[in-house]
Amino acid sequence: MTQQITVTEHLLLHQKQIPGATGQFTHLFNELVLSAKIISRDVSKAGLVDVLGFTGEINVQGEEVKKLDEFANRILIHRMARSGVLCAMASEENADIIDIPHGLPQGSYIIIFDPLDGSSNTDVNVNIGTIFSIYRRKSKVGTPVQSSDVLQCCSEQVAAGYVLYGSSTMLVFTTGDGVHGFTLDPGVGEFLLSHPNMKIPERGKIYSVNEGYWSYWDEATKKVINHFKSADNINGHPYSLRYIGSLVADFHRNLIYGGIFMYPADHRDPHKPVGKLRLMCEAAPMAMLVEQAGGMATDGTKRILDIVPHELHQRVPLFIGSKHEVSVVRDIYEEQNG
């Protein structure tokens, strides 16, 4: 039965299909799984312990830091640094690349993560998640990690995924051989395979976007939204608007049902002219997942996985989901912008 297969068993069964995979890769995932269990435990009792609300600090993104953000970030850094298979880490919450502390064993992998996506929803008990992306370093092991080891083309990811903390806790990931979902069974304390070979429908009936920002969008973006709101589309009726405000939750729903999630560029904040979402810890890992599931991800015109980042906290517009809907967006942008 697929429900009895753990993450470790799944990785060992498919290890030969992962280019360059070794026992280090499996060990890395074991540490990720343990981190997810710890975070899930505290998220589930957030109202009972002092982890709701803000810390009073501002992160590198200029955003107020939630207590759960800080907790999840601390857990991931602590566990992953001691995995013995990483040479560096990067987090949405930290301004710079995080080095492995001196004296701890190192390996050839790099992990980039958003410790708690959608954390603004924690105080109201809405689904949140952890997003991660894994690369293999290019420079020689044993030498100092270069910025080019971290700022690789998004298509160079060797694995990507997320943990969704909701009515159940799910781990969804890809190693380049399809997308697989594992659900945490609290009775045995293991993530068990529940959604093998996940595929996003070719087209859907849902669009996800914050329409409150309408007045800040350009004409091409408004034309895109009007397409999904009108009856003049392939479905013959308006799409349903579903927007949670947590990328992991919105993406997961659309992965199951089909549709599109959009976070376009806007001119609300002159410091974020190309949108809010981070390329390396949000857009890139989700893009790898959706393509492995048969969908698409673009910045409006360009494939997300073709982007080579020029800075760690680079932001990018994101249109991600079913092939049909993302293709519609791309065609409208290309037509509108010549």
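Residues numbered from 1 in each chain as written. Predicted model: local features only at pLDDT ≥ 70, side-chain atom pairs only at ≥ 80, totals over all residues. Heavy atoms only, no water.

- By the naming in an unreviewed UniProt entry, the protein goes by Fructose-1,6-bisphosphatase class 1 and is assigned to Desulfovibrio gilichinskyi.

## A look at the environment of His 227
Stage number 1. Inspection of the secondary structure puts His 227 in helix 5 (residues 219-229).
Stage number 2. A sequence separation of 11 residues divides His 227 from Pro 238, and the C-alpha atoms of the two residues are 8.3 Å apart.
Stage number 3. What His 227 contacts, discounting residues up to four positions off in sequence, is Asp 232, Asn 233, Val 328 and Ile 332. (Helix = DSSP H or I, 4+ residues; strand = E, 2+ residues; numbered from the N terminus. Contact = heavy atoms within 4.5 Å.)

## Focus on the pattern of salt bridges
Stage number 1. Evaluation of the coordinates by the stated rule reveals 14 salt bridges.
Stage number 2. We note a salt bridge from Arg 41 to Asp 42, for which the minimum N-O separation is 3.0 Å.
Stage number 3. For Arg 41, a relative accessible area of 48% translates into the label partly exposed.
Stage number 4. Of the residues examined, Asp 42 reaches a relative accessible area of 9% and is grouped as buried.
Stage number 5. Look at the salt bridges and you will find they share partners, linking Glu 92, Arg 278 and Glu 282 into a network. (Salt bridge = Lys/Arg side-chain N within 4 Å of Asp/Glu carboxyl O. Buried < 20%, exposed > 50% of the residue type's maximum accessible area, 1.4 Å probe, protein only.)

## Observations concerning the packing of aromatic side chains
Stage number 1. In this structure the tally under the stated criterion is 11 aromatic pairs.
Stage number 2. Between Phe 173 and Phe 182, the ring centres sit 5.5 Å apart and the planes meet at 10 degrees, which makes this aromatic pair stacked.
Stage number 3. Among the aromatic residues, ring-to-ring pairing joins Phe 25, Phe 29, Tyr 109, Phe 132, Phe 173 and Phe 182 into one connected group.
Stage number 4. A cation over a ring is seen here: Lys 229 above Trp 214, with NZ or CZ 5.6 Å from the ring centre.
Stage number 5. Over the ring of Tyr 213 we find Arg 268, and its NZ or CZ is 3.7 Å from the ring centre. (Phe/Tyr/Trp six-rings, centres within 6.5 Å; stacked < 30°, edge-to-face > 60°. Lys NZ or Arg CZ within 6 Å of the ring centre and 35° of its normal.)

## Notes on the nonpolar core
Stage number 1. Membership of the largest hydrophobic core comes to 44 residues, with the highest contact counts inside it found for Tyr 162, Met 286, Ile 304 and Leu 318.
Stage number 2. In terms of residues, this core owes the most to one element, helix 7 (residues 279-292), which gives 10 residues.
Stage number 3. A domain split of this core shows at least three residues from each of domain 1 (7-197) and domain 2 (206-337).
Stage number 4. In contact with Met 286, other than residues within four places in its own chain, are Ile 131, Tyr 162, Leu 247, Val 248, Phe 251 and Ile 320.
Stage number 5. Counting residues in hydrophobic clusters, the runner-up holds 40 residues, among them Val 7, Phe 29, Leu 86 and Tyr 109. (Core = buried A, V, L, I, M, F, W, Y, C linked by side-chain atoms within 4.5 Å. Domains from an automatic or database assignment.)

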